[in-house]
Amino acid sequence: MRYYLIVGEASGDLHASCLMKSLKKKDPEAEFRFFGGDMMAAVGGTPVRHYRHLAYMGFIPVLLHLPTILSNMKMCKRDIVEWQPDVLILVDYPGFNLNIAKFVKSTTRIPVYYYIPPKIWAWKEWLIKAIKRDVNEKFSILPFEVPFYERKHHYKIHYVGNPTADEVRHFKASYDGQFSSYDKPILAILAGSRLHEIKDNLPVMLRATDHLSDRFQRVVAGAPSVPHDYYHRFIGNRHGVDIVYDQTYPLLMNAHTAVVTSGTATLETALFGVPQVVCYATPLPCLMSFLRRFLLKVKYVSLVNLIADREVVRELVAADYKVENVRREIDTIIADSPQRKAIEEGYAEVWRRLGNESAPDNAARQMLAALGRSD
């Protein structure tokens, strides 16, 4: 069968490449064509456009690159129609992908599947109308999305398991124990993967942990796409701070405690069993704290708390994200305290809720079944 996939960033490239491998196992004649990245290309198929030419985040970057974005959309639509795949598989990246879904659904008979659908439960819930109209099947990696879609919006979706849980399980099973040797316990700092996240979060994280420099080795997880000297702008001449690249999982495997920017990293940190404080800086923090009550449709911002449906880890967001608050929370969980033990117990609940399914294998099986193909 012919599969056309569209991703818009590095995480989508990873998840889509794993899905492609699973599809090939179940469909040896599978042909792939995609807007994607290097990991997808390594699996095989025909790359049409690399995601680096799509990944513009934020209002100003999108506005500045609007002609390029529109040109890519036009090319993508034309290419799908000309190639006539058996199915279109969208992976996250809703701004681009929902536009493509609308076109494909209204002008062709190609079924549209969404793997890792947009997080409209957080905000932009109004997009449910377009999703119900333009997407034939949704394959979710977050268990709490099932009641959101099925009970609240009467839209059937498939929970297939969580690929991050798969990746952590596989890493733990194959880990050889090698990592930089430090003579002090490690305090991991995960400040995000984008320049603006690092600029907004890392300075506060460092100032809030400076008092621990004699007792803990602070290690920053460097994002592969971020230049080394960018981190040094904020680290300066601080004592006891190191940076490691492409070693986030080994870092978490060896960490004692972590300070983490909200995102997938909070879930990864939880699955490695590392007690953490979740942080996220925003522009105009006081105003954002006020608006959050009206704009955000969920109680929490971290995947850990959302999956557990309770506060397992402390979230310091917007006006709450201050040096003194981060310092207080870190001091609480870095000790052998009841709060630290409660976090570790909460992580066990997160694991239980995610389940043991292999997300890409399960998704591939269910996609083929929906397409009328069985194992």
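Right above here is the structure, for reference.
The present account deals with the structure reproduced in this document. Bear in mind that the values here come from a model prediction, so they are computed numbers and not experimental data. (Residues numbered from 1 in each chain as written. Predicted model: local features only at pLDDT ≥ 70, side-chain atom pairs only at ≥ 80, totals over all residues. Heavy atoms only, no water.)

1. Topic: the overall build of the protein chain
To keep it simple, the criterion reads: In DSSP terms, a helix is any run of H or I states spanning at least four residues, a strand is any run of E spanning at least two, and both are numbered starting from the N terminus. Each radius of gyration is computed over the set of C-alpha atoms, and the globule rule expresses the reference value as 2.2 Å times the number of residues to the power 0.38. Burial classes follow relative accessibility: with a 1.4 Å probe on protein chains only, a residue under 20% of its type's maximum area counts as buried, one over 50% as exposed, and anything between as partly exposed. We call two residues in contact when some of their heavy atoms are within 4.5 Å. Note on areas: Shrake-Rupley, 1.4 Å probe, and residue coverage restricted to the protein chains presented here. In this tally Asp and Glu are treated as negative and Lys and Arg as positive; neither His nor the chain ends contributes. For charged residues, the charge sits on one atom: NZ in Lys, CZ in Arg, CG in Asp, CD in Glu.
Broken down by element type, the protein chain carries 17 helices and 13 strands. Over its C-alpha trace the protein chain gives a radius of gyration of 21 Å, about what one expects of a compact globule, namely 21 Å for 375 residues. Over its C-alpha atoms, taken along the principal directions, the protein chain stretches across nearly 65 × 45 × 40 Å. Of all 375 residues assigned to the protein chain, the portion counted as buried reaches 53%. Restricting the contact set of the protein chain to residue pairs at least 6 apart, pairs at least 24 apart contribute 66%. A total of about 17,400 Å² of accessible surface is found on the protein chain, and carbon and sulfur atoms cover 54% of it. Charge separation in the protein chain, taken as the distance between the mean sites of 48 positive and 41 negative side-chain charges, equals 6 Å.

2. Structural notes on the side chain of Ser262
We count it as follows: Think of a polar contact as two N or O atoms within 3.5 Å of one another; within protein, one of them needs to be a possible hydrogen donor and the other a possible acceptor, and neighboring residues in sequence only count if both atoms come from side chains.
Relative to the helices and strands, Ser262 is located in the loop between strand S11 (255–261) and helix H12 (264–271). The class of Ser262 is buried, set by a relative accessible area of 16%. Only 3.2 Å separates the side chain of Ser262 from the backbone oxygen of Val301, close enough to count as a polar contact. With near-sequence residues (within four places) excluded, Ser262 lies in contact with Val278, Cys279, Tyr280, Val301 and Ser302.

3. A few points about the packing of aromatic side chains
Any pair of aromatic rings gets described here by the distance separating the centres and the angle formed by the planes. The condition is simple: Any two of the Phe, Tyr and Trp rings considered here, Trp counted by its six-membered ring, make a pair once their centres fall within 6.5 Å; the pair's planes then place it as stacked at under 30 degrees, edge-to-face at over 60, or tilted in between. Should the NZ of a Lys or the CZ of an Arg lie within 6 Å of a ring centre and within 35 degrees of the ring normal, that charge is described as sitting over the ring.
With the rule as written, the count across this model stands at 15 aromatic pairs. Both rings, one in Phe179 and one in Tyr182, keep their centres 6.3 Å apart while their planes meet at 65°; by these two values the pair is edge-to-face. Residue Tyr182 is classed as partly exposed on the basis of its relative accessible area, which comes to 24%. In textbook terms, an aromatic cluster arises when at least three aromatic residues are bridged by ring pairs, as seen for Phe171, Tyr175, Tyr249 and Phe272. When the ring centre of Tyr114 is taken as origin, the NZ or CZ atom of Lys138, which lies over that ring, is 5.7 Å away.

4. So, H12
With 7 of its 8 residues buried, H12 lies for the most part within the structure. Along H12, the positions that sit buried rather than exposed are Ala265, Thr266, Leu267, Glu268, Thr269, Ala270 and Leu271. Of the residues trailing H12, Gly273 is marked for its positive phi of about 75°.

5. Observations concerning the nonpolar core
Note the following rule: What we call a nonpolar core is a set of buried Ala, Val, Leu, Ile, Met, Phe, Trp, Tyr and Cys residues that are connected through their side-chain atoms within 4.5 Å.
Among the nonpolar cores identified, the biggest contains 126 residues, and Tyr3, Leu5, Ile6, Leu88, Ile89, Tyr115 and Tyr231 are the most heavily contacted of them. For this core, the leading source of residues is helix H9 (residues 195–209), giving 6 residues. With residues near it in sequence (within four places) discarded, Ile6 still touches Phe35, Cys76, Ile80, Leu88, Ile89, Leu90, Val91, Phe96, Asn97 and Ile100.

6. Considerations on helix H17 (residues 359–370)
This is how the line gets drawn: In this analysis, the expected span of each helix is defined as 1.5 Å times one less than the number of residues it contains.
An ideal rise of 1.5 Å per residue puts 16 Å on 12 residues; H17 measures up with 16 Å between its terminal C-alpha atoms. The set of residues buried in H17 consists of Ala359, Pro360, Asn362, Ala363, Ala364, Gln366, Met367 and Leu368. One or two steps after H17, the chain reaches Gly372, where phi turns positive at roughly 85°.

7. A look at the sheet that holds strand S5 (residues 112–115)
The criterion, for reference: Here the rule is simple: two strands pair whenever DSSP picks up at least two bridges between them.
The parallel open sheet is built from 7 strands, whose spatial order is S3-S2-S1-S4-S5-S6-S7. Strands with a single pairing partner mark the edges of an open sheet, and in this sheet they are strand S3 (46–50) and strand S7 (158–159). Inspection of the sheet shows strand S6 (residues 137–140) paired to S7 by 2 bridges, in the parallel sense. Within S7, the position partnered with Phe139 by the bridge is His158.

8. Observations concerning the pattern of salt bridges
Formally: Think of a salt bridge as a Lys or Arg side-chain nitrogen and an Asp or Glu carboxyl oxygen that are within 4 Å of each other.
Scanning the model with the defined rule gives 19 salt bridges in all. The shortest N-O distance in the salt bridge between Arg314 and Glu329 comes to 2.7 Å. Of this pair, Arg314 sits in strand S13 (residues 314–317) while Glu329 sits in helix H15 (residues 323–334); the two residues are 15 residues apart in sequence, bridging distant segments of the chain. On the accessibility criterion, Glu329 (13% relative accessible area) is buried.

9. Remarks on unusual backbone geometry
Phi at Ile116 is positive, roughly 65°, even though this residue is not glycine. Along the chain, Ile116 turns up in the loop between S5 and helix H6 (128–134). If you check the backbone angles, His154 has positive phi at about 55° while not being a glycine. In this fold, His154 is placed in the loop between helix H7 (145–152) and S7. Taking relative accessible area as the criterion, His154 reaches 66% and is therefore assigned exposed.

10. With respect to the sheet that holds strand S8 (residues 186–190)
This is how it is decided: For helices, the axis comes from a line fit to the C-alpha atoms of the stretch in contact; other axes are also lines fit to C-alpha atoms, and the angle between any two N-to-C directions lies between 0 and 180 degrees.
Across the sheet, 6 strands lie side by side as S10-S9-S8-S11-S12-S13; this open sheet has parallel pairing. Both outer strands of the open sheet, strand S10 (241–245) and S13, are each paired with one neighbouring strand and no more. In this sheet, adjacent strand axes meet at a mean angle of 25° when their direction is disregarded. Bridge analysis of S8 against strand S9 (residues 217–222) gives 4 bridges, and the strand direction is parallel. Following the sheet pairing, Ile186 is matched in S9 by Gln217.

11. As for the environment of Tyr159
When you line up the elements, Tyr159 lands in strand S7. For Tyr159, a relative accessible area of 22% translates into the label partly exposed. Put simply, Tyr159 and Leu14 are 145 residues apart on the chain and 19 Å apart in space, counted from C-alpha to C-alpha. Among all residues touching Tyr159, those that are not within four sequence positions of it are Ser140, Ile141, Leu142, Pro143, Val146, Arg353, Leu354, Asn362 and Gln366.

Read these as layout, nothing more, since geometry by itself doesn't imply function.
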